[in-house]
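Chain residues, written in single-letter form:
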Amino acid sequence: MEATIFSIAFALLSGTYIYRSFRIIEEGQVALVERFGKYQKTMEPGINIVLPFLDRIALIKSSREQVLEISPQPCTTSDSVSVSVSGVMYWQISDLKDARYNIENVDKSLMVSLATQIQTQIGRCDLDHIIGGQERINEEILQGMSNDTKAWGIKVLRVRLGEITIPTSVLQSMEKQKAAEIEKKAMISRSEGEKTSEIKKAEAVALSNKVLAESERQVRLEQTEAMALSIERIADAIANHPNGQEAVQYLLAQKYLEMGQAIGESPSSKVLFMDPKSIPGAIQSLLAMSDSKITEALAKQPYGAVSNISPTARNLPVQEVKPFKPASDSEKGSPSNN
């Protein structure tokens, strides 16, 4: 009977011992095992074996990502502006042994370290860089937190600055400064636009003048070439025609008389000096040419030029014109016979 009771008691004790030797750790958690108050091992998620009455689970912590948020902290910028800045940090345990034995209170230590880093980084920047450079400040705070928590078995994942509270007077000054900068940029943009417009106009005028000058030069060149070709053809016609010399004399005499007529019709007063000997010679050259010769000479002119001789003048008989002789002094004093 006693043996039976002993066997039952042994079986119960053995079953209890075996049962307590197996410990199950849930996913997302880690556990710290101590033996006689000294670190023994870290248990991962799943079934783990311990020695009952010798080992004990001293700590169980979550290995998942955690969030730590701090209230707004008073900070002073490098340009002596007082602001309040809040922050949030994302972290997780990377080594439970270090988190257990190297730091007394993980949560409190992380909060103090984050507040200190925020105040330090804000104090290194002026207000403008804080407003526009939060990403850079976040990176610097993360680097500082990583250095602080390296020995704590804590891995800092991300740090984000929260709300930045700026005094009202400073906000008003910033708004005025921003408005002045916007107005300055607008004036610069208008000036640049006007400058560009003037440059474009000047370039367009220069290009237009260049094209016009080139066109005028081309026209003058074509006129010169046409005139040269015309003169060449006239010279060839005069040289090859038997009566060419007489036709040239006739044309020169006609132009000479037309010039005198044009001068005489001018309303302004004028004095025309002419060689008396030249007029009779020109008239004599005109009358000495027969109608057939004039017609034949003019018909050979280039470009189909038409003669300006009236039909009446063409039918006039050829008369001999005596050369003009100036009157003597005795003849000037005698009365003229009418």
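Residues numbered from 1 in each chain as written. Predicted model: local features only at pLDDT ≥ 70, side-chain atom pairs only at ≥ 80, totals over all residues. Heavy atoms only, no water.

Trainee: Mind showing me how you'd approach the overall build of the protein chain here?
Mentor: For the protein chain, the count of helices and strands is 11 helices and eight strands. Relative to its full complement of 338 residues, the protein chain shows a buried share of 24%. Considering only contacts in the protein chain between residues 6 or more positions apart, those separated by 24 or more positions represent 66%. (Helix = DSSP H or I, 4+ residues; strand = E, 2+ residues; numbered from the N terminus. Buried < 20%, exposed > 50% of the residue type's maximum accessible area, 1.4 Å probe, protein only. Contact = heavy atoms within 4.5 Å.)

Trainee: Explain the sheet that holds strand 7 (residues 82-93) here, please?
Mentor: Hydrogen bonding along the main chain pairs the strands of a sheet, whether they run parallel or antiparallel. With antiparallel pairing, three strands are arranged side by side in an open sheet as 6-7-8. Two strands lie at the open edges of the sheet, namely strand 6 (66-76) and strand 8 (154-165), each paired on one side alone. On average, each strand axis in the sheet is tilted by 20° relative to the strand beside it, whichever way the strands run. Pairing of strand 6 with strand 7, which is carried by nine bridges, proceeds in the antiparallel orientation. Bridge pairing in strand 7 places Gln73 opposite Val85. Packed on one face of the sheet, helix 3 (residues 106-123) meets strand 6, strand 7 and strand 8 and runs near 40° to strand 6. In this fold helix 5 (residues 134-149) packs onto strand 7 and strand 8, with an angle of close to 140° to the strand it touches most, strand 8. (Pairing = 2+ DSSP bridges. Axes fitted to C-alpha atoms, helices over the stretch in contact; angles between N-to-C directions.)

Trainee: Help me understand the packing of helix 3 against helix 5, please; the structure alone is not making it clear to me.
Mentor: Two quantities define a packed helix pair, namely the angle between the helix axes and the distance between the axes. Remark: helix 3 packs on helix 5, axes separated minimally by 9 Å, with the N-to-C direction vectors making an angle of 140°. Of the possible angle classes, the one that applies to helix 3 and helix 5 is oblique. In the packing of helix 3 onto helix 5, the handedness of the crossing is right-handed. Taken together, the residues of helix 5 that come into contact with helix 3 (itself represented by Leu110, Ser113, Leu114, Gln117, Ile118, Gln121 and Ile122) are Ile137, Glu140, Ile141, Gly144, Met145, Asp148 and Thr149. Here the residues of the contact of helix 3 with helix 5 are counted per class, giving seven nonpolar, five polar and two charged. (Parallel < 35°, antiparallel > 145°, perpendicular 65-115°, else oblique. Left-handed = near helix turned anticlockwise from the far one by under 90°. Nonpolar A, V, L, I, M, F, W, Y, C, P; charged D, E, K, R; others polar.)

Trainee: Mind showing me how you'd approach unusual backbone geometry here?
Mentor: Most peptide bonds are trans, and most residues other than glycine sit at a negative phi. Although it is not a glycine, Phe36 sits at a positive phi angle of roughly 60°. In this fold, Phe36 is placed in the loop between strand 2 (29-35) and strand 3 (38-43). Not every positive phi belongs to a glycine, and Ser80 is a case in point at roughly 60°. Taking the relative accessible area as the measure of exposure, Ser80 reaches 62% and is therefore exposed.

Trainee: Sorry if this is basic, but what is going on with the nonpolar core here?
Mentor: Grouped burial of nonpolar side chains is what soluble globular proteins tend to show. If you look at the biggest cluster of nonpolar residues, it comprises 35 residues, and the most contacted ones within it are Val83, Met89, Leu110, Ile118 and Ile122. Listing elements by their share of this core, those giving two or more residues are strand 2, strand 6, strand 7, helix 2 (96-101), helix 3, helix 4 (127-132), helix 5 and strand 8. The element that contributes the greatest number of residues to this core is helix 3, accounting for six residues. Among all residues touching Met89, those that are not within four sequence positions of it are Gln66, Val67, Leu68, Leu110, Leu114, Met145, Val156, Arg158 and Val159. Formed by five residues, the second largest nonpolar core is a distinct cluster that contains Ile25, Ala31, Val33 and Met43. (Core = buried A, V, L, I, M, F, W, Y, C linked by side-chain atoms within 4.5 Å.)

Trainee: Mind showing me how you'd approach the environment of Thr196 here?
Mentor: Relative to the helices and strands, Thr196 is located in helix 6 (residues 168-240). You can call Thr196 partly exposed: its relative accessible area is 40%.

Trainee: What is the right way to read the packing of aromatic side chains from this model?
Mentor: Within a pair of aromatic rings, the relevant descriptors are the distance that separates the centres and the angle that separates the planes. Scanning the entire structure with this criterion turns up one aromatic pair. Centre to centre, the rings of Tyr39 and Tyr101 are 6.2 Å apart; their planes meet at 80°, and the pair counts as edge-to-face. Of the two residues, Tyr39 is situated in strand 3 and Tyr101 in helix 2; the sequence distance between them amounts to 62 residues. Its relative accessible area of 27% is what places Tyr39 among the partly exposed residues. Looking at Arg158, its charged tip hangs above the ring of Tyr90, at a distance of 4.4 Å from the centre. (Phe/Tyr/Trp six-rings, centres within 6.5 Å; stacked < 30°, edge-to-face > 60°. Lys NZ or Arg CZ within 6 Å of the ring centre and 35° of its normal.)

Trainee: What am I meant to see in a nonpolar patch on the surface here?
Mentor: A grouping of Tyr17, Ile18, Phe22, Ile24, Phe36, Ile47, Ile49, Leu51, Phe53 and Leu54 is seen on the molecular surface, where their side chains present a nonpolar patch of about 1,100 Å² in accessible area. Elements with a contribution of two residues or more to the nonpolar patch: helix 1 (2-21), strand 1 (22-25) and strand 4 (46-49). A relative accessible area of 68% places Phe36 in the exposed class. (Patch = residues over 30% accessible without salt bridge, like charges linked within 9 Å, V, L, I, M, F, W, Y side chains within 5 Å. Areas by Shrake-Rupley, 256 points an atom, 1.4 Å probe, with all protein chains shown as cover. Salt bridge = Lys/Arg side-chain N within 4 Å of Asp/Glu carboxyl O.)

Trainee: I would appreciate a short explanation of the sheet that holds strand 3 in the present structure.
Mentor: Pairing is antiparallel across the open sheet formed by three strands, whose spatial order is 3-2-5. Each end of this open sheet is capped by a strand with a single partner; those strands are strand 3 and strand 5 (55-62). Taken pair by pair, the neighbouring strands of this sheet meet at an average axis angle of 25°, ignoring direction. With seven bridges joining them, strand 2 and strand 5 adopt antiparallel strand pairing. Looking at the pairing, Leu32 lines up with Leu59 of strand 5.

Trainee: What exactly am I supposed to notice about the side chain of Ser113 here?
Mentor: In this fold, Ser113 is placed in helix 3. Aside from chain neighbours lying at most four places away, what touches Ser113 is Met145 and Asp148.

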